[in-house]
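Overview (structure and organization)
Letter by letter, the chains look like this.
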Amino acid sequence: MQESNCLIEKDKSIKGNYWVYKKPPIKFVEKIKLSFNLSNIIASIVANRNIDDQHLDYFLNPTLKNNLPDPSSLENMDSSIKILLEKIFRDNTLGILGDYDVDGATSTAILFKYFEFIGINAEVYIPDRIKDGYGISKNSIDYFFKKKVDLLVSLDCGTNDAEFIAYAKEKGIEIIVIDHHEVKSLGAPLSIINPKLKEDTSNLNNLCTAGLVFLFVIGLNRELRKKQFFENKEEINLKDFLDIVAVGTICDLVPLQNENRLLVKKGLEKINLKPNKGLSVLKSKLELENKIKTTDIAYYIGPCINAAGRIGDSFLGFNLLVKNEKKELESIAEKLINSNNERKTLENISYNQAKMSLKKLNNMKFIFLYSKTWHPGIIGIIASRLVQEFKVPAFVMNIDENKVTGSVRSIKNIDISKILDRLVNEGFLESGGGHAMAGGFKLSEEKLSSLHGYLKENSNLFFKSCINTINIDLEVKISDLNLEMINSMEQLEPYGMDYPEPKILIKKVSSVYSKIIGKNKTHLSCTLEDIYGYRINAMIFNFENSILSVIQEKREFDVIGKVSLNVWENKKIPQFFIEDLRII
């Protein structure tokens, strides 16, 4: 591939970003267009994303038959299945412990439903965020001990729970861990499946636990078939789990590439054809009547399931996915929606309090805030919103009886996991970990002041300034944004982490109509017109006053955003979602 022409706008946008547009070589675009029968616009976007043309067929048309990884490629997969098989044929009661987030709920549901189908008794424990905390705990082990469980499968947690794995052994409970978190203080479980183990060569590091568990039940099912387990009974259709896998994958924010893209693409097909009963009820309660896409799961379905682990009954998300009675499922869905609405209220109150605290601060390199009133289940969301608005890493903490629980979110090019490791090693934190963009930590209240001071002293080292950029995929005129073009872009779906919806640039537009809308009057509907007189309906969510003034004053600007079809009364109308603009 030849070097692309690269345009970097010299002036910052109204949100403080620099816009970058790399125009792909015309010959490369033409090659993709002809080889895969794509439109010029779709071929340009693909070329701009640097997708290798040799792997483009896998990207556009992945299949389970050709592209699903072999479960046995994962370290310890076969030995873990062998251990479990021995328990299955001895008719033992097994235990499943799943994390309280969406990945935990979905992975637990997949394994539980598989066990249920093949007639295996399984006791389930979903930790309470506040009472139990993250991961394997004394409470969970004591629960399984009372239930006479001697083999426990820990999902989406357990990799670094050495202390409680040892406690479980004392109680006569062995543990198989299936997890995807970074390995820091590995315990001694009976077996562990984690693609981030040093000895693992599967190259499946991007799978979340729901994806790993899906491969686990494929491998287990394969072995049971070899042993003629299904000779006189019906064999389960493992594809029925794909919608649950997709929800876990999308909501755990793992990169939507390769096997994750395959699982989500096939999972979306399932959820739009014949979804899990609980997902179907929740979808109906949320009035999601159109074709479900990744955004519907990320912004509506996922947050409801997640709300159970944040501020409600941690079992609700799991129960939604495994129960069968419609009335019970409707009750669960309503509770999840209510919990999510409560979460939104708490979040908005807390976020406004956090913003008020920052008004007097200038030239921040990072944000450091704490309160005794902020619910520990929403501090991560508050941190994410602060990062989005202020474009610096944010540490947000809850204080409860001298114990501090914190969440931190970062920006591109600042690896927060390395900073947390340093803070743990230096003794400022009792524990902490995560990945490059997000993490969690704990410390005592008396260490808050010294932690803040240490971060300020080392701010030039930890929080080096970086340029905020937005990569543009395509420059178009409003006239290009027609039904045919927008429908053709479905070939590029699904979108998600590390593979966002295409960013589209329209130059020289102005607003000819605008109206503030929404329950809290935080969104803006407007009509954009370009220099050729073409118009398109547009929306801005959670608008900033600086953008509002540009729109209302009908000034001319360049705009970046996403395009989709707004379906209303069976009519499909192109709609542009504004993300940033630059005054001309």
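See the structure shown above.
The notes below deal with the structure included here. Values in this document were obtained by computation on a predicted structure and should not be read as measured data.

To continue, consider the overall build of the protein chain. A tally of helices and strands in the protein chain yields 21 helices and 19 strands. Computed over C-alpha atoms, the radius of gyration of the protein chain comes to 25 Å, within 12% of the 25 Å expected from 2.2 N^0.38 for 584 residues, which places it in the range of a compact globule. Along the first, second and third principal axes, the C-alpha set of the protein chain runs to 75 × 60 × 50 Å. A burial count over the protein chain gives 52% of its 584 residues as buried. Look at the contacts in the protein chain between residues 6 or more apart in sequence, and 65% of them connect residues 24 or more apart.

This next bit is on the pattern of salt bridges. Using the criterion set out here, one finds 21 salt bridges in the structure. Residue Glu 334 is joined to Lys 285 by a salt bridge in which the shortest nitrogen-to-oxygen separation is 2.8 Å. Separated by 49 residues along the polypeptide, Glu 334 in helix α15 (residues 326-358) and Lys 285 in helix α12 (residues 277-285) bring together distant segments of the chain. In this structure, Glu 389 engages Lys 355 in a salt bridge whose closest nitrogen and oxygen atoms are separated by 3.2 Å. Here Glu 389, found in helix α16 (residues 379-390), pairs with Lys 355, found in helix α15; they are 34 residues apart in sequence, far enough to count as distant.

Among the nonpolar cores identified, the biggest contains 80 residues, and Tyr 114, Phe 115 and Leu 220 are the most heavily contacted of them. Excluding its chain neighbours within four sequence positions, the residues that come into contact with Tyr 114 are Val 217, Leu 220, Asn 221, Leu 224, Phe 230, Ile 236, Leu 238 and Phe 241. The next biggest cluster of nonpolar side chains, apart from the first, holds 43 residues, and it includes Val 29, Ala 47, Ile 504 and Leu 528.

Another point: a nonpolar patch on the surface. A cluster of nonpolar side chains, Ile 531, Tyr 532 and Tyr 534, forms an exposed patch at the surface whose accessible area comes to about 350 Å². Looking at the secondary structure, you find Tyr 532 in the loop between β16 (523-530) and β17 (535-540).

What follows is about the pairing of strand β3 (residues 94-98). With five of five residues buried, β3 lies mostly within the body of the structure. Across the two faces of β3 the burial is the same, with Leu 94, Ile 96 and Gly 98 and Gly 95 and Leu 97 all buried. In this region the chain leaves β3, passes through helix α6 (residues 102-117) and returns to the parallel neighbour strand β4 (residues 122-125); the handedness of that crossover is right-handed. Two strands pair when backbone bridges link them, and β3 and strand β5 (residues 151-155) are joined in this way by four bridges, in the parallel orientation. Directly across from Leu 97, in β5, lies its bridge partner Ser 154.

Attention shifts here to the sheet that holds β4. If you trace the five strands from one edge of the open sheet to the other, you get β4-β3-β5-β6-β7, paired in parallel fashion. The sheet terminates laterally at β4 and β7 (191-193), the two strands that pair on one side only. Geometrically, the sheet is characterised by an average inter-axis angle of 20° between neighbouring strands, direction not taken into account. Pairing of strand β6 (residues 174-178) with β7, which is carried by three bridges, proceeds in the parallel orientation. When the sheet's bridge partners are listed, Val 177 is paired in β7 with Ile 192. In the packing of helix α7 (residues 138-146) onto the sheet, contacts are made with β3, β4, β5 and β6, and the angle to β4 comes to roughly 160°. Contacts between helix α9 (residues 209-226) and the sheet are confined to β5, β6 and β7, with β6 contributing the most and set at about 115° to the helix.

Further remarks concern the side chain of Asp 156. Inspection of the secondary structure puts Asp 156 in the loop between β5 and α8 (162-170). Buried charged residue Asp 156 carries no salt bridge. Nearest counter-charge: Lys 196, at 9.1 Å. Among all residues touching Asp 156, those that are not within four sequence positions of it are Asp 99, Asp 101, Asp 103, Gly 104, Tyr 134, Ile 178, Asp 179, His 180, His 181 and Thr 209.

Glancing now at unusual backbone geometry. Going from Glu 493 to Pro 494, the amide bond is cis rather than trans, its omega being 5°. Among the secondary structure elements, Pro 494 is positioned in the loop between α20 (483-488) and β15 (504-517). In the Ramachandran plot, Asp 156 falls in the positive-phi region, its phi being about 65° despite a non-glycine side chain. Residue Asp 156 is classed as buried on the basis of its relative accessible area, which comes to 0%. The residue Glu 401 is not glycine, and still its phi comes out positive at about 50°. Summarising the element assignment, Glu 401 is placed in the loop between β9 (394-400) and β10 (403-409).

To continue, consider the sheet that holds β9. The strand order across the open sheet formed by five strands is β8-β9-β10-β12-β11, and the pairing between neighbours is mixed. Two strands lie at the open edges of the sheet, namely β8 (367-371) and β11 (431-434), each paired on one side alone. Direction aside, the axes of adjacent strands within the sheet are offset by 15° on average. The strands that helix α18 (residues 448-457) touches are β8, β9, β10 and β12 (438-444); relative to β8, the one it contacts most, it runs at about 170°.

So, on to the packing of aromatic side chains. Two measures describe an aromatic ring pair: the distance that separates the ring centres and the angle between the ring planes. Applying the stated criterion across every chain, the model contains 18 aromatic pairs. Geometrically, the ring pair formed by Phe 59 and Tyr 499 is edge-to-face, given 5.3 Å between the ring centres and 75° between the ring planes. Highlighted residues: Phe 59 in helix α3 (residues 56-60) and Tyr 499 in the loop between α20 and β15, separated in sequence by 440 residues. Per residue, the accessibility class of Phe 59 equals that of Tyr 499, and both read buried. Ring geometry for Phe 112 and Phe 318: centres 5.5 Å apart, planes at 80°, overall edge-to-face. Of this pair, Phe 112 sits in helix α6 while Phe 318 sits in helix α14 (residues 316-322), and the two are 206 residues apart along the sequence. Residues Phe 112 and Phe 318 agree in their burial class; the two are buried.

Our focus in this paragraph is the packing of α9 against helix α10 (residues 242-251). Taken N-terminus to C-terminus, the directions of α9 and α10 make an angle of 150°; their axes are 8 Å apart at the nearest point. By the angle between their directions, the pair α9 and α10 is classed as roughly antiparallel. Along its contact with α9, which presents Ala 210, Gly 211 and Phe 214, the element α10 presents Leu 242, Val 245 and Gly 248. A breakdown of the residues in the contact of α9 with α10 according to their chemical character gives four nonpolar, two polar and no charged.

Conventions adopted
- Residues numbered from 1 in each chain as written.
- Predicted model: local features only at pLDDT ≥ 70, side-chain atom pairs only at ≥ 80, totals over all residues.
- Heavy atoms only, no water.
- Helix = DSSP H or I, 4+ residues; strand = E, 2+ residues; numbered from the N terminus.
- Rg over C-alpha atoms; globule rule 2.2 N^0.38 Å.
- Buried < 20%, exposed > 50% of the residue type's maximum accessible area, 1.4 Å probe, protein only.
- Contact = heavy atoms within 4.5 Å.
- Salt bridge = Lys/Arg side-chain N within 4 Å of Asp/Glu carboxyl O.
- Core = buried A, V, L, I, M, F, W, Y, C linked by side-chain atoms within 4.5 Å.
- Patch = residues over 30% accessible without salt bridge, like charges linked within 9 Å, V, L, I, M, F, W, Y side chains within 5 Å.
- Areas by Shrake-Rupley, 256 points an atom, 1.4 Å probe, with all protein chains shown as cover.
- Right-handed = clockwise from strand over helix to strand, strands pointing away.
- Pairing = 2+ DSSP bridges.
- Axes fitted to C-alpha atoms, helices over the stretch in contact; angles between N-to-C directions.
- Lys, Arg positive; Asp, Glu negative; His and termini not counted.
- Phe/Tyr/Trp six-rings, centres within 6.5 Å; stacked < 30°, edge-to-face > 60°.
- Parallel < 35°, antiparallel > 145°, perpendicular 65-115°, else oblique.
- Nonpolar A, V, L, I, M, F, W, Y, C, P; charged D, E, K, R; others polar.

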